[in-house]
Amino acid sequence: MANNASRPGRTLIVFALVVVAMYGGLALNGVWAPKLGLDLQGGTRITLSASTSTGEAITPEKLEEAATIIDSRVNGQGVAESEVATQGGDTIIVEIPGQNRKDLVDTVQQTAQLRFRLVGAAAPVAPPAEPAPSPSPSESTGGGGGNGGNGGGGNGGGQDDTVAPDETAGPVEESSPAGRALSRGLASLSGTNDGAGSNDGAGSNDGAGSNDGGGNSAGGGAGDGTGDATGGGAGDGAQAPPAPEPAPVPDGDSSLEELLAWIRSPDAESLQQFQQATCDEELPDNPNKPLIACDEAGQVKYLLTPAVIEGTQLSDASSGIPPNDVQYVVNLDFDGTATDTFADVTRALVGTDDRFAIVLDGEVLSAPGVTSAIVDGNAQISGDFNQASAQSLANSLKYGALPLEFEDSVVSEEGPTLAQDQLSAGLLAGGIGLALVLIYCMVYYRGLGIVVVASLAVAAALTYAAVIFLSETAGFTLTLPGIAGLIVAVGITADSFIVYFERIRDEMRDGKSVRVAVEAGWVRARATCVAADAVSLLAAVVLYIFAIGVVKGFAFALGISTLIDLVVFFLFTKPMTTWLARFRFFSTGHKMSGFSAEQAGIERIGARPVHGVGAR
């Protein structure tokens, strides 16, 4: 403390350089005005109409829950002061400060149902097939090749001209969300010939040809590449290993082993639906049933198991750039149950071609493979994210999925909710209050009033810079309640000056000189001022945590102003008072200095009180 007392000029110079650097940063950014709230500037109004994909009733409870989640999303930093309200039985109104905020429509109405599912099949979405020319009667499209008679051995070496999907489309590109070729389940449904067809001795392969018991078939139908004779003889076609028995359709209660068995050998009905599915249709995303979904580009479709992990099992979601990377990702943290489930799933997929898919609102974000078990409960969603889109998705996942879907959103621009005369009246009242404080301090403390005026000016400069900085980095918008919070802090700052100056006068009454009293009074005053500011800061924190809407803005502004008051009090007010006490005008107790014997209630500076005279 002695070191600070002996070098107040150095402290003031360093503090001044910090303030100049702050404004230099603002100059480089080119922004000199804070963002204003709905009441001062107006903003964007988004009207959302609710619906449910399952046809369930839209209840007031679900609408209120959705409004609460949307409010958390648009006020992700807690200080944007957007307003969210329900209207009627199926409408939510969202008002966001600032013009042309159509970019937030997706963030507002995104359902954000996140689910992890296992991949049973994946295939590119094929373009519509052109009709094939009809085969001539002399050609067997199925290649039945049955030479068997009624009692004889038909050859089972039929040749099928149907091309397997993996022969036409090839493997899925690694850059796609699939990153894999066709699954075994899909390949087993293709028309490849396994040499184990059936021929009922008529020499025709699912065709309409005839066999006279010994002649060649001339079937014209599309064959399945089979030729196993049943006329009593043994077919000599090549026999493939038997395919695994199709697993039953899983549901939400299926074990991991049952899900793994299904993705390795899906049932025929699910595979048929998968082959017929296109990305033009949107299927209900029921977590307890298998799902057919497509990637974001609509180029790859997937057959997926029921959900193994849901978004409700997330404990946190955030965005950022991983080390040694340049792309933004969304980081997911699972709760305890989901962590164990994810560890079991990844252990089961290690060393296999099987994959899991990350599905958001029925759309596959990615379908990665697993190279090692993930046991820490952390996962990442990567993709073509920028900072805004990654943060938007993280906020949507962090604050939960909407219980309703929203469509037919209407976006419009709204004017300020406060008239100009109301705003002018509020600012005028604040200006009058500030002027009264300054006049009182100049009259009562005289020369020390210079410290008050300078400290308030510095505090105002720091507050303005902080508001602009927070507007750009944290989305803070300045509303009339926020301005009220800043004005209230002026009184807190003035209290600090009064406490300090009165402590100095107390020390002078004890017979200390001005310079000694300044340092001794500081020791006694700083604890009182810190305690008072701590109470104000605690009140601001409590208000911020438990309040909603514009009250949050008031609490935030009050908290910022209180912190700035502490900085100014320690780094400017005290060093400046110490520096002024070195001048003869103040140290000798001139009647206009604020340190005069008359104002301190003593006969002369440095005189000890006698019989309690001058003491309190």
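Residues numbered from 1 in each chain as written. Predicted model: local features only at pLDDT ≥ 70, side-chain atom pairs only at ≥ 80, totals over all residues. Heavy atoms only, no water.

1. So, a negative patch on the surface
The grouping of E282, E296, E363, D384, E405 and E407 at the surface amounts to a negative patch. As for its placement among the helices and strands, E282 is situated in the loop between helix 8 (268–276) and strand 7 (291–295). (Patch = residues over 30% accessible without salt bridge, like charges linked within 9 Å, V, L, I, M, F, W, Y side chains within 5 Å. Areas by Shrake-Rupley, 256 points an atom, 1.4 Å probe, with all protein chains shown as cover. Salt bridge = Lys/Arg side-chain N within 4 Å of Asp/Glu carboxyl O. Lys, Arg positive; Asp, Glu negative; His and termini not counted. Charge placed at Lys NZ, Arg CZ, Asp CG, Glu CD. Helix = DSSP H or I, 4+ residues; strand = E, 2+ residues; numbered from the N terminus.)

2. Regarding the sheet that holds strand 11 (residues 329–334)
Taking strand neighbours across the sheet as the criterion, the three strands line up as 10-11-14 in an open arrangement whose pairing is antiparallel. Where the open sheet ends on each side, the last strands, each with one partner, are strand 10 (314–320) and strand 14 (378–382). Between one strand and the next, the sheet's axes are offset by a mean angle of 20 degrees, whatever the strand orientation. When strand 11 meets strand 14, the two strands line up antiparallel, connected through five bridges. Residue pairing across strands places V329 opposite S382, the latter belonging to strand 14. (Pairing = 2+ DSSP bridges. Axes fitted to C-alpha atoms, helices over the stretch in contact; angles between N-to-C directions.)

3. A look at the state of the cysteines
Inspection of the entire model under this criterion finds one disulfide. With its sulfur 2.0 Å from that of its partner, C279 forms a disulfide with C294. Between C279 and C294 the sulfur-sulfur dihedral comes to about -100 degrees; the bridge is accordingly left-handed. Linking C279 in the loop between helix 8 and strand 7 with C294 in strand 7, this pair joins segments that are 15 residues apart in sequence. Among the residues examined, C294 registers a relative accessible area of 13% and is labelled buried. (Disulfide = S-S within 2.5 Å. Buried < 20%, exposed > 50% of the residue type's maximum accessible area, 1.4 Å probe, protein only.)

4. Notes on the packing of aromatic side chains
Here the structure, examined in full by the defined rule, presents 21 aromatic pairs. Relative to F356, the ring of F342 has its centre 5.6 Å away and its plane inclined at 85 degrees; by these criteria the two rings are edge-to-face. Here the residue F342 occupies a position in helix 9 (residues 336–349), and F356 occupies one in strand 12 (residues 356–360), the gap between them amounting to 14 residues. This pair shows no difference in class: F342 is buried, exactly as F356 is. With a centroid separation of 6.2 Å and an interplanar angle of 70 degrees, the aromatic rings of F586 and F595 are classed as edge-to-face. A residue is classified by how much of its surface remains accessible, and F586, at 6% relative accessible area, is buried. Three or more aromatic residues joined by ring pairs make a cluster, and in this case those are Y440, Y444, Y445, Y500, F501, W522, F569 and F570. Directly above the aromatic system of F274 lies the positively charged group of K301, at a separation of 5.1 Å from the ring centroid. The ring centre of Y544 lies 4.3 Å from the NZ or CZ of K552, which sits over that ring. (Phe/Tyr/Trp six-rings, centres within 6.5 Å; stacked < 30°, edge-to-face > 60°. Lys NZ or Arg CZ within 6 Å of the ring centre and 35° of its normal.)

5. Overview of the pattern of salt bridges
Applying the stated rule across the entire model yields 12 salt bridges. Put simply, D285 and R115 hold a salt bridge, and the shortest N to O gap is 3.0 Å. With D285 in the loop between helix 8 and strand 7 and R115 in strand 4 (residues 114–124), this residue pair connects regions lying 170 residues apart in the sequence. Residue D285 shares its accessibility class with R115, and that shared class is buried. Here D506 and R503 are joined by a salt bridge, their closest N and O atoms 4.0 Å apart. You can see D506 and its partner R503 sitting in helix 13 (residues 480–509), three residues apart, about one turn around the helix.

6. Describing the side chain of S265
Mapped onto the elements, S265 comes out in the loop between helix 7 (256–264) and helix 8. The exposure class assigned to S265 is buried, which follows from its relative accessible area of 9%. When neighbours within four sequence positions are excluded, S265 is seen to be in contact with P244, E245, P246 and A247. (Contact = heavy atoms within 4.5 Å.)

7. A word on helix 10 (residues 387–398)
Two residues of an α-helix separated by three or four positions point the same way, owing to the 3.6 residues in each turn. When the terminal C-alpha atoms of helix 10 are compared, their 16 Å separation across 12 residues agrees well with the 16 Å that a helix rising 1.5 Å per residue should span. Two or three places before A388, at the opening of helix 10, N386 has a side-chain oxygen 3.2 Å from that residue's backbone nitrogen. Residue G400 follows helix 10 closely and has a positive phi angle near 100 degrees. (Expected span 1.5 Å × (residues − 1). Polar contact = N/O pair within 3.5 Å; in protein donor to acceptor, adjacent residues only side chain to side chain.)

8. Describing the environment of L38
Position of L38 relative to the elements: it lies in the loop between helix 2 (8–29) and strand 1 (43–51). On the basis of relative accessible area, L38 is assigned to the buried category, the value being 6%. L38 sits 60 residues away from G98 along the chain, and the two C-alpha atoms are 7.6 Å apart.

9. Some words on the pairing of strand 2 (residues 83–87)
Pairing of strand 2 with strand 3 (residues 91–97), which is carried by five bridges, proceeds in the antiparallel orientation. Pairing of E83 across the sheet is with E95, part of strand 3. The turn joining strand 2 and strand 3, which pair antiparallel and follow one another in sequence, is formed by three residues; a positive phi near 70 degrees is taken by G88.

10. Observations regarding the environment of R355
Within the secondary structure layout, R355 lies in the loop between helix 9 and strand 12. Spatially, the C-alpha atom of R355 lies 9.7 Å from that of V345, the residues being 10 residues apart in sequence.

11. Quick notes on the packing of helix 12 (residues 449–473) against helix 13
Following both chains from N to C, one finds helix 12 and helix 13 inclined at 145 degrees, their axes separated by 11 Å at the closest point. Where helix 12 crosses over helix 13, the handedness of that crossing is right-handed. Each of V451, V452, S455, L456 and T463 in helix 12 lies in contact with helix 13, whose residues at this interface are L486, V490, T493, F497 and F501. Looking at the contact of helix 12 with helix 13 residue by residue, the class counts come to seven nonpolar, three polar and no charged. (Left-handed = near helix turned anticlockwise from the far one by under 90°. Nonpolar A, V, L, I, M, F, W, Y, C, P; charged D, E, K, R; others polar.)

12. Quick look at the nonpolar core
Counting residues in each nonpolar core, the largest one holds 39 residues, and the members touching the most others are L114, F116, L118, V330, L332, I381 and L397. Counting residues per element, this core draws most heavily on strand 4, at five residues. Structurally, this core is a two-domain feature, drawing no fewer than three residues from each of domain 1 (43–109 + 387–413) and domain 2 (256–383). Not counting the four nearest positions on each side in its chain, L118 is found in contact with L256, L259, L260, I263, L303, L304, T305, V308, V345, L349, R355 and F356. (Core = buried A, V, L, I, M, F, W, Y, C linked by side-chain atoms within 4.5 Å. Domains from an automatic or database assignment.)

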